[in-house]
Amino acid sequence: MLISFQKPIGWSFFDLQDYLESQLGKKVDLVTPNALKEFIKQNILDEAHYL
């Protein structure tokens, strides 16, 4: 999941990941736009579905 925040959330990022995994019953990979590799960043942003 590509996520963004209005301000840094620190270690709560991992709490969010744990929460989503427990709710969905699956492993969840979280990434912020700034953490995307440059060579795939634009492709991912172009295909993103915003909620």
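Check the entry above for the structure.
Residues numbered from 1 in each chain as written. Predicted model: local features only at pLDDT ≥ 70, side-chain atom pairs only at ≥ 80, totals over all residues. Heavy atoms only, no water.

### A few points about the pattern of salt bridges
Item 1. Applying the stated criterion to the full structure yields 1 salt bridge.
Item 2. The partner of K27 in a salt bridge is D29, and the shortest N-O contact between them spans 3.3 Å.
Item 3. Residue classification places D29 among the exposed residues on the basis of a relative accessible area of 53%. (Salt bridge = Lys/Arg side-chain N within 4 Å of Asp/Glu carboxyl O. Buried < 20%, exposed > 50% of the residue type's maximum accessible area, 1.4 Å probe, protein only.)

### Let's talk about the layout of surface pockets
Item 1. Empty space within the largest pocket amounts to approximately 260 Å³.
Item 2. Tallied by class, the residues present in the lining of the largest pocket amount to 9 nonpolar, 2 polar and no charged. (1 Å grid on protein atoms, 1.4 Å probe; cavity = no way out; pocket = protein on both sides within 12 Å on 5 of 7 lines; lining within 4 Å. Points joined across faces, edges and corners; volume = space filled by probe spheres on them. Nonpolar A, V, L, I, M, F, W, Y, C, P; charged D, E, K, R; others polar.)

### Overview of the side chain of Q17
Item 1. Structurally, Q17 can be placed in helix α1 (residues 12-24).
Item 2. Within polar-contact distance, the side chain of Q17 engages the backbone oxygen of V28 at 2.7 Å.
Item 3. Setting aside residues up to four positions removed in sequence, Q17 forms contacts with K27, V28, D29 and L30. (Helix = DSSP H or I, 4+ residues; strand = E, 2+ residues; numbered from the N terminus. Polar contact = N/O pair within 3.5 Å; in protein donor to acceptor, adjacent residues only side chain to side chain. Contact = heavy atoms within 4.5 Å.)

### With respect to the side chain of K41
Item 1. Structurally, K41 can be placed in helix α2 (residues 38-47).
Item 2. Despite its burial, K41 remains without a salt bridge, the nearest opposite charge being carried by E38 at 4.1 Å.
Item 3. If we skip the residues at most four places from it in the chain, K41 touches P33, N34 and L36. (Lys, Arg positive; Asp, Glu negative; His and termini not counted.)

### A short note on α1
Item 1. The end-to-end C-alpha distance of α1 is 18 Å, a good match for the 18 Å that 13 residues give at a rise of 1.5 Å each.
Item 2. Considered for burial, the residues of α1 that qualify are F13, Q17 and L20. Considered in projection along α1, the buried side chains sweep an arc of 65 degrees and stay on one side of the axis. For α1, exposure combined with an orientation more than 90 degrees from the buried face picks out D15, S22 and Q23.
Item 3. Residue G25 follows α1 closely and has a positive phi angle near 70 degrees. (Expected span 1.5 Å × (residues − 1). Arc of directions from axis to C-beta.)

In short, the description is geometric, and any link to function would need to be established separately.
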